[in-house]
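Each chain, letter by letter, is given below.
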Amino acid sequence: MKIQSSAERIRPPAAPSCMWLLAASVAGSLLAPAPAQAEGNAVVGKTLYERRCLGCHGDANTPNAQGPTLVGVVGRKAGTVGGATSRALSESGLVWDEATLQQFLAAPGDKVHGTIMPVGAARPQDREDLIAYLKSLR
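Here's what I pulled together on the structure shown here. For clarity, every value in this text was computed on a predicted model and none was experimentally measured. (Residues numbered from 1 in each chain as written. Predicted model: local features only at pLDDT ≥ 70, side-chain atom pairs only at ≥ 80, totals over all residues. Heavy atoms only, no water.)

1. Remarks on the packing of helix 3 (residues 42–52) against helix 8 (residues 124–136)
In a packed pair of helices, the relevant descriptors are the angle between the two axes and the axis-to-axis distance. Helix 8 packs onto helix 3 with a crossing angle of 95 degrees between their chain directions and a minimal axis gap of 7 Å. The angle between helix 3 and helix 8 falls in the class roughly perpendicular. Residues Ala 42, Val 44, Gly 45, Lys 46, Leu 48, Tyr 49 and Arg 52 of helix 3 form the contact with helix 8, whose participating residues are Asp 126, Asp 129, Leu 130, Ala 132, Tyr 133 and Leu 134. Residue composition of the contact of helix 3 with helix 8, grouped by class: 8 nonpolar, 1 polar and 4 charged. (Axes fitted to C-alpha atoms, helices over the stretch in contact; angles between N-to-C directions. Helix = DSSP H or I, 4+ residues; strand = E, 2+ residues; numbered from the N terminus. Parallel < 35°, antiparallel > 145°, perpendicular 65-115°, else oblique. Contact = heavy atoms within 4.5 Å. Nonpolar A, V, L, I, M, F, W, Y, C, P; charged D, E, K, R; others polar.)

If you want it as structure tokens, here you go:
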């Protein structure tokens, strides 16, 4: 009978099986389809709106805000409601649908050169949440 040293008794599993698991894991993640873009959460979007947008755009209770109201914005032509709006936005021909809002909120000045809207929402999930909330404003 062979006596094992303590180093031999606590030796980790052989490297080939670990390498196989790692390779299988990496291959599986590369072959898996990319996850679909997350749906927006209107409750989170409302919080974001209250923190980032309400001061300029108001809501149903504050119609005399600096910028145009965003109540009913989804489906509306850009620059057609009162409030501070740029000539560039009014002449853009944009209709505020989900795709247009995604692009505009990502980088307002890149989507409409000359817009006076100073900030957007850099994080894609923030945009999804804001858009979900904007869709609820009627």
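2. Some points on the nonpolar core
Membership of the largest hydrophobic core comes to 20 residues, with the highest contact counts inside it found for Tyr 49, Val 73, Leu 89, Trp 96, Leu 101, Leu 130 and Leu 134. Broken down by secondary-structure element, the contributors of at least two residues to this core are helix 3, helix 6 (98–106) and helix 8. The leading source of residues in this core is helix 8, at 4 residues. (Core = buried A, V, L, I, M, F, W, Y, C linked by side-chain atoms within 4.5 Å. Buried < 20%, exposed > 50% of the residue type's maximum accessible area, 1.4 Å probe, protein only.)

3. So, the packing of helix 6 against helix 8
With their axes 10 Å apart at the nearest point, helix 6 and helix 8 run at an angle of 130 degrees to one another. Here helix 6 is positioned oblique relative to helix 8, judged by the angle of their axes. Helix 8 is crossed by helix 6, and the crossing has right-handed handedness. Every residue of helix 8 that contacts helix 6 at Glu 98, Leu 101, Gln 102, Leu 105 and Ala 106 is listed here: Pro 124, Arg 127, Glu 128, Ile 131, Leu 134 and Lys 135. (Left-handed = near helix turned anticlockwise from the far one by under 90°.)

4. Description of the packing of aromatic side chains
Applying the stated rule across the entire model yields 2 aromatic pairs. Judged by centre distance (5.3 Å) and plane angle (50 degrees), the ring pair of Tyr 49 and Tyr 133 falls under tilted. On the criterion of sequence distance, the pair formed by Tyr 49 in helix 3 and Tyr 133 in helix 8 is long-range, its members being 84 residues apart. (Phe/Tyr/Trp six-rings, centres within 6.5 Å; stacked < 30°, edge-to-face > 60°.)

5. Structural notes on helix 6
When we look at burial in helix 6, the residues that qualify are Thr 100, Leu 101, Gln 102, Phe 104 and Leu 105. Packing partners of the buried residues in helix 6 comprise helix 5 (87–90), helix 7 (108–111) and helix 8.

6. Concerning the environment of Val 71
As for its position among the elements, Val 71 is in the loop between helix 4 (54–57) and helix 5. With relative accessibility at 23%, the residue Val 71 sits in the partly exposed group. Between the C-alpha atom of Val 71 and that of Gly 58, which follows or precedes it by 13 residues, the distance is 8.9 Å. Among residues more than four places away in sequence, those in contact with Val 71 are Asp 59, Ala 60, Arg 76, Leu 137 and Arg 138.

7. A word on the environment of His 113
Structurally, His 113 can be placed in the loop between helix 7 and helix 8. In this structure His 113 comes out as exposed when scored by relative accessible area, which is 64%. Note: C-alpha distance between His 113 and Ser 86 (27 residues apart in sequence) is 9.8 Å. Within the local environment of His 113, its side chain forms a polar contact with the backbone oxygen of Gly 109, the two atoms lying 3.2 Å apart. (Polar contact = N/O pair within 3.5 Å; in protein donor to acceptor, adjacent residues only side chain to side chain.)

8. Let's talk about the pattern of salt bridges
Scanning the model with the defined rule gives 5 salt bridges in all. The closest approach of N and O atoms between Glu 91 and Arg 87, which form a salt bridge, is 2.8 Å. Of the residues examined, Glu 91 reaches a relative accessible area of 56% and is grouped as exposed. The salt bridge involving Lys 135 is made with Glu 98; its shortest N-O contact spans 2.9 Å. Taken together, the residues span a long stretch of sequence, with Lys 135 in helix 8 and Glu 98 in helix 6 at a distance of 37 residues. When its relative accessible area of 40% is taken as the criterion, Glu 98 is described as partly exposed. Within this structure, Arg 52, Arg 123 and Asp 126 form a network of salt bridges that share partners. (Salt bridge = Lys/Arg side-chain N within 4 Å of Asp/Glu carboxyl O.)

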